There are 2 protein chains.
Amino acid sequence: MKQERLIAELQKIVGQQSVLHKPDDLLAYECDGFTIHKSRPRAVVFPNNSEQVASVVKLLHRERIPFLPRGAGTGLSGGAIPIGGEVIISLVKMNRLLEVDFKNRIAVVEPGHVNLRLTKAIAHEGYYYAPDPSSGMSCTIGGNVGENAGGPHCLKYGVTSNHVLGVEMVLPDGEVVTLGGTVPDMPGYDLTGLVVGSEGTMGIVTKIFVRILKKPQGVKTILALYDSVDDASQTVSAIIANGIIPGALEMMDTLAIEGVEKGTYVVGYPKDLAAVLIIELDGLTAGMEETAHQIVEICKGYNVREVRVARNEQERTLWWSNRKTAFGAMGNLSPDYLVQDGVIPRSRLPEVLQRIAEISERSGLRIANVFHAGDGNLHPLILFDSRIPGETELAVQVGSEVLQACADVGGSITGEHGIGIEKQNDMTKIFTREELDAQVAIMRVFNPDNLCNPDKIFPKPARCAEVKKAVAVAHSH
Amino acid sequence: MKQERLIAELQKIVGQQSVLHKPDDLLAYECDGFTIHKSRPRAVVFPNNSEQVASVVKLLHRERIPFLPRGAGTGLSGGAIPIGGEVIISLVKMNRLLEVDFKNRIAVVEPGHVNLRLTKAIAHEGYYYAPDPSSGMSCTIGGNVGENAGGPHCLKYGVTSNHVLGVEMVLPDGEVVTLGGTVPDMPGYDLTGLVVGSEGTMGIVTKIFVRILKKPQGVKTILALYDSVDDASQTVSAIIANGIIPGALEMMDTLAIEGVEKGTYVVGYPKDLAAVLIIELDGLTAGMEETAHQIVEICKGYNVREVRVARNEQERTLWWSNRKTAFGAMGNLSPDYLVQDGVIPRSRLPEVLQRIAEISERSGLRIANVFHAGDGNLHPLILFDSRIPGETELAVQVGSEVLQACADVGGSITGEHGIGIEKQNDMTKIFTREELDAQVAIMRVFNPDNLCNPDKIFPKPARCAEVKKAVAVAHSH
């Protein structure tokens, strides 16, 4: 289909104002939070409801034009980058909170609904939405579904997939289906679980049924400062071994602390710290004081330099604001940085941190570590300068080595940021050919024409062969 | 393949003693816990390890002989019944606990490992396995994976899918794959989540990576006796509205109480009770006393007749043993009974119970209610006498009406017992044709020849059409 004709047809569906197609207008859509790769979309369309999404998809499907969904564009692995010039279906206009059922603890939102807005909208009744990515102020719940987003409090409450009961989705041929629903653990195959984390490769999610939770009665936040990363790691293990599951258990190392302390929210951490732990209890107030005391004692058992409980909500908010700026704060230390995202068994923390330090030393690139320590989710931040020839490539290479270190101890190459285009080739670090085959075959069930966010997630050279095999399997009937 | 030849080939793989094929020997394998339908398997084979499973499956695949996996045969929806004379692959010999990693809280078991044995094996270090179906003393973890089994404590801890990190599975063509692994939330599609609850239709699971939990520091169990089911239901809602998540929150009605009190474990409930609630707190001991007190006060606010906390472990065990015999105890009231399993939004409890009472009255069949009240998972037990002509059919019909009542309030037709053959036709109560299509298409990716536990889960007449469509979709490439 000629470009002019396509734009006209799209405009007919969503209105003239809701289609971007001039080169200047498209600039902002060339990448998402993964800024290393850029590619221009053919157009960006802003539907207003499920029906418009279905009509747009039907048109694109008929014309065999590839497309992809986009929320706030905060994704960190490039899942929303139109690497093949796809038409971007932006969901930002579909940002309504459609329904809240406090009694059964369910909210229904459109995909463009911003994560933190949901918590704000239901706070008056004492409820909140648990998954809390650091980008919560801007990222959308639709994007969270795509990436199966996590956050500090996922240690206790689980990631997005634990909070999504169902979705309405426009399949890549324009058909609308509802998967899951308003009660958990529906019969049949868990297709909702399959769609959550599928990075927009199975269809365009247009409605999301999420679980909402009663706000904890009380919260206690503990800050523990360490002279040794090992001692901090041991503390993490000891807390959990004692049967305590904090709401959050975060760690930052020296370089990360240096970065955040140069930012907007300054805690005043001593400059010579090796690590800081933020340990947050939440839940019933009954017994919380006692548990907080127990944690303080555990910290003391591992040579903590200083440990204290937040005196008030203001102090607690400062600690968290400081922590949540960690990624962006790398800009205070380096012109560029690459966020990595790996998961390891908690017990291997000291050893993997040691390997990361070695990788940093060998490469000459500084690496700051910020992590959800409680669940072994590392976020090494690799500092580099893209103006120095070769350094971008070196950073990518270093990132890959860090992931290898995670995979080597039985870990995973992403905790919550997804694969996108960033880690396609790293998939072979943790999956065999057969396992990737199975995944591609599943994708083809939903997305047989490979029109919906094509060429993401799976390693590129392997992909063709797998698709062939998948189709062969199906053909054999 | 001729029967004699088949038996010889199977014996070659697993040994002569590990194949049953004489009619008398096959009798016990004609049905599982769903006893209404019986059908004889062609043979039963008992492999000892993954390699033997793979060899058996390869042979059957090559010869196009359908087969199905079986654990302890305690399933309640007929998933392990060889309705087409399938070869049964029994996993009872593969019952080993392969590995326990206390530090990272992971255990690796073979599918035939009995649920409660795992908790027993790790108790010495203070750990346990959370999903606790009432059949825990005999059911296998492989079977739990097939059915996505629940249990009383799933209110707080989630069902089986929340505790399975990965599986090794023999695909229906004999290929062995590993899905998921030892860290949660692996990248790519959540195939582990897909396999959990797929009722043996995607392959034969041969190894399971499960999460193990630290035993709660303390437990407090509260018994509350009511003169009105409504008051008991309101109490359930009020407890949860207060931000308390008990470990378990169970209800039994008059008829259920009558049954269990005629069994082995007699609590001594008054005969004129309308309902009993068992409310169990678990977790850190700090604050537990206070929370228990709060619950007692809530009960009093809803006209409880009597409420008390278990004085000791012995009393607590008695209450639970009594409750856990509820299904079997129906044998004390009626020659036959049918266990139903529906889920409803918690707030609709009184209304659905009312409808169940009406269905009971109209049909003339008594219905006892036992349920995981906290998560709205009902287990109506329909009493009937199969010796009376037509009464079995009536019981099945009544069961279907009960499920319709659940579906009508936005609920689900199974919480934890699966679809099997029992509820195939009820699937249309909650899924549209397109939604069933999508599920069948997914099944065909794993099981393209429909050899692995064929003709289960999906409604029968619809199935052919769907398969045709699924294949057509794939063929279009």
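Only a predicted model underlies this, so the values are computations on that prediction, with no experimental measurement involved.

Calculation criteria
Residues numbered from 1 in each chain as written. Chains lettered and ligands numbered in written order. Predicted model: local features only at pLDDT ≥ 70, side-chain atom pairs only at ≥ 80, totals over all residues. Heavy atoms only, no water. Phe/Tyr/Trp six-rings, centres within 6.5 Å; stacked < 30°, edge-to-face > 60°. Helix = DSSP H or I, 4+ residues; strand = E, 2+ residues; numbered from the N terminus. Domains from an automatic or database assignment. Buried area = accessible area lost by both parts, 1.4 Å probe. Salt bridge = Lys/Arg side-chain N within 4 Å of Asp/Glu carboxyl O. Polar contact = N/O pair within 3.5 Å; in protein donor to acceptor, adjacent residues only side chain to side chain. Nonpolar A, V, L, I, M, F, W, Y, C, P; charged D, E, K, R; others polar. Pairing = 2+ DSSP bridges. Axes fitted to C-alpha atoms, helices over the stretch in contact; angles between N-to-C directions. Contact = heavy atoms within 4.5 Å. Buried < 20%, exposed > 50% of the residue type's maximum accessible area, 1.4 Å probe, protein only.

Asks: A description of the packing of aromatic side chains should follow, citing residues and the corresponding values.
Replies: Residues and elements named next belong to chain A. One pass over the full model with this rule turns up eight aromatic pairs over all chains. Their ring planes at 90° and their centres at 6.4 Å tell us that Y128 and Y157 sit as a pair that is edge-to-face. Taken as a pair, Y128 in strand β7 (residues 127-128) and Y157 in helix α6 (residues 154-157) lie far apart in primary sequence, 29 residues in all.

Asks: Describe the domain arrangement of chain A, listing the residues and the values that go with them.
Replies: Residues and elements named next belong to chain A. When the domains of chain A are assigned, the result is domain 1 (3-90), domain 2 (97-214), domain 3 (218-327) and domain 4 (334-425). Its C-alpha centre places domain 2 at a distance of 29 Å from the equivalent point of domain 3. Roughly 860 Å² is buried in total at the junction of domain 2 and domain 3, and carbon and sulfur atoms are behind 53% of that figure. If you look at where domain 2 meets domain 3, you find two salt bridges. For the pair domain 2 and domain 3, the interface holds four residue pairs in polar contact (both at pLDDT 80 or more). Residue composition of the side of domain 2 that touches domain 3, by class: four nonpolar, two polar and two charged.

Asks: Explain the sheet that holds strand β6 (residues 106-109) of chain B residue by residue, including any values.
Replies: Residues and elements named next belong to chain B. Taken together, the five strands give an open sheet; going across it, the order is β5-β6-β10-β8-β9, and neighbouring strands pair in antiparallel fashion. Edge positions in the open sheet fall to β5 (97-101) and β9 (176-180), since each of these has one partner strand only. Going across the sheet, the axis of each strand differs from the next one's by a mean of 15°, ignoring polarity. Here strand β8 (residues 164-170) runs beside strand β10 (residues 204-211); their pairing, made up of six bridges, is antiparallel. Bridging from a neighbouring strand, G166 pairs with F209 of β10. Sheet strands in contact with helix α3 (residues 50-62) are β8, β9 and β10, and its direction is about 50° off that of β8. Docked against the sheet, helix α4 (residues 115-122) engages β5, β6 and β10, running at close to 45° with respect to β5.

Asks: Account for the side chain of N144(B), with residues named and values stated.
Replies: Residue and element names in this part refer to chain B. Here N144 lies in helix α5 (residues 141-147). The buried category is assigned to N144, whose relative accessible area is 3%. A polar contact is formed between the side chain of N144 and the side chain of N115, at a distance of 2.9 Å. If we ignore the near neighbours within four places in the chain, the residues touching N144 are N115, P133, C139, A149 and T160.

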